Amino acid sequence: MHPSRRPLIAGNWKMFHGGRSSVELASGVVAFARELPSVDVVVAPPFTALAAIAETLDGSKVGLAAQNLYPKDTGAFTGEISAPFLKECGCAWAIVGHSERRQVFGETDAFVAEKTAAALASDLVPIVCVGETLAQREAGETLRIVKAQVDAVLDVIARASTAVAVAYEPVWAIGTGKTAGPAEAEEVHAAIRSWLERKDPALAARTRILYGGSVKADNAASLLACPNVDGALVGGASLDPGSFGAIARATKG
Ligand code: 13P
């Protein structure tokens, strides 16, 4: 397997722990990550905590991710944060196209592609999120929807010299306690890999495809054992170093 597909466990802290408590959480992550040399661990705190957490992570193997970015470098965009600012702040990664951004803030596939390009232009590794809603799954549209989301970023990620990550996060599994079963997850992950392969076999070989959606300590091992699942994007269970560490230890790494 391509070395860039080593296991990656990323914690999306969403709009939780924006201040001192996030620094404590980051310290807990640094402690468990030290014991896992073959697993890449990343945390995505709210913007307000990034600078403080960059200091906490300094010298550790834990990477810092932004949860979002705006795809212009500077300008009159009140309330927005650019990729160069995030890079300067210590980020090496950026989540783009999370389903909460798509659903609550109306982000389109085209906008997600712009953000992916902006992240790469500032040397941030994008974690591009894709996934279908419950209604789309029940209508048998899962692969069509996910393919459209992947297609929107395909040219951008194929051109990149950086190995990006794609996170398959079925919307119906996020924060609901329902996960895709390993077979359901693997079906979509294998399909994503095949679309990347069709574009460029080297792209398929180097891209990590993460699963996200109610990943917990007790279901992580079976999901992470799937051949095309290269890691996890974890929400709720990443807010506690105990459960987040247990998920990281469940990797194949
Ligand atoms: P939960 O793990 O809380 O379901 O969240 C998943 C997610 O949205 C990660 O980005």
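Structure shown above.
Nothing here was measured: the structure is a model prediction, and the numbers come from that model. Residue positions within a chain follow its written sequence, with the count starting from 1. Thresholds applied to this predicted model are a pLDDT of at least 70 for local features of residues and 80 or more for the giving and counting of side-chain atom pairs; totals over whole chains, interfaces and linings are not thresholded and use all residues. Each side-chain value is worked out from all heavy atoms of the structure, with water and hydrogens disregarded.

Peer 1: Just to check I follow, could you spell out the overall build of the protein for this structure?
Peer 2: Note on conventions: DSSP H or I runs of at least 4 residues are helices, E runs of at least 2 residues are strands, and numbering of each starts at the N terminus. Within the protein one finds eleven helices and eight strands. Taking 253 residues into account, the globule formula puts the C-alpha radius of gyration at 18 Å, and the protein, at 17 Å, falls close to it. Here the C-alpha coordinates of the protein stretch approximately 45 × 45 × 35 Å along the principal axes. Relative accessibility under 20% of the residue-type maximum defines a buried residue, over 50% an exposed one, and the middle range a partly exposed one, all with a 1.4 Å probe and only protein chains included. For the protein, with 253 residues in total, the buried portion stands at 52%. With the radius of gyration taken over C-alpha atoms, the globule rule is written as 2.2 Å times the number of residues to the power 0.38.

Peer 1: What's the story with the site of the ligand in this structure? I'm lost.
Peer 2: Definition of nearness: a residue and a molecule or strand are near each other if at least one heavy atom of the residue lies within 4 Å of the molecule or strand. As a structural note, the neighbourhood of the ligand is formed by Asn12, Lys14, His98, Glu169, Ala173, Ile174, Gly175, Gly213, Ser214, Leu233, Gly235 and Gly236. Definition of a polar contact: a pair of N or O atoms within 3.5 Å, with one able to donate and the other able to accept a hydrogen when the atoms are protein atoms, and with sequence-neighbouring residues admitted only if both atoms are side-chain atoms. A distance of 2.6 Å separates an oxygen atom of the ligand from a polar atom in the backbone of Gly175. At a separation of 2.9 Å, an oxygen atom of the ligand approaches a polar backbone atom of Gly235. Taken together, the residues that form the shell around the ligand break down as three nonpolar, seven polar and two charged. Under the convention adopted here, Pro, Cys and the residues Ala, Val, Leu, Ile, Met, Phe, Trp and Tyr are nonpolar, Asp, Glu, Lys and Arg are charged, and Gly plus all remaining residues are polar.

Peer 1: Can you walk me through the pairing of strand S2 (residues 40-44) in this structure?
Peer 2: On a regular strand, each side chain points to the face opposite its neighbour's, so the side chains alternate between the two faces of the sheet. With five of five residues buried, S2 is to be regarded as a mostly interior element. Of the two faces of S2, the one holding Asp40, Val42 and Ala44 and the one holding Val41 and Val43 are both buried throughout. For two strands to count as paired, DSSP must find a minimum of two bridges between them. For strand S1 (residues 8-12) and S2, the ladder comprises five bridges, and the chain directions are parallel. Bridged to Ile9 within S2 is Val41. A clockwise path from the first strand over the helix to the second, with the strands pointing away from the viewer, defines a right-handed crossover. Handedness of the S1-helix H1 (residues 20-33)-S2 crossover: right-handed. Bridge count between S2 and strand S3 (residues 62-66): three bridges; the pairing is parallel. Each bridged residue has a counterpart across the sheet, and for Val41 the counterpart in S3 is Val62. A crossover links S2 with its parallel partner S3, the connecting element being helix H2 (residues 50-57), and its sense is right-handed.

Peer 1: Before we go on, may I ask you to explain the side chain of Ser214 in this structure?
Peer 2: Its place among the elements puts Ser214 in the loop between strand S7 (208-212) and helix H10 (220-224). Since its relative accessible area comes to 9%, Ser214 is described here as buried. Polar side-chain contacts of Ser214 include one of 2.8 Å to the backbone nitrogen of Gly177. With near-sequence residues (within four places) excluded, Ser214 lies in contact with Ala173, Gly175, Thr176, Gly177, Lys178, Thr179 and Asn219. In what follows, a contact means two residues having at least one pair of non-hydrogen atoms within 4.5 Å.

Peer 1: What am I meant to see in the environment of Trp13 here?
Peer 2: Topologically, Trp13 is positioned in the loop between S1 and H1. Between the alpha carbons of Trp13 and Leu239 there is a distance of 6.4 Å; along the sequence they are 226 residues apart. Not counting residues within four places of it along the chain, the set of residues in contact with Trp13 comprises Ser22, Leu25, Ala26, Val29, Val43, Ala44, Pro45, Pro46, Ile53, Gln67, Ser238 and Leu239.

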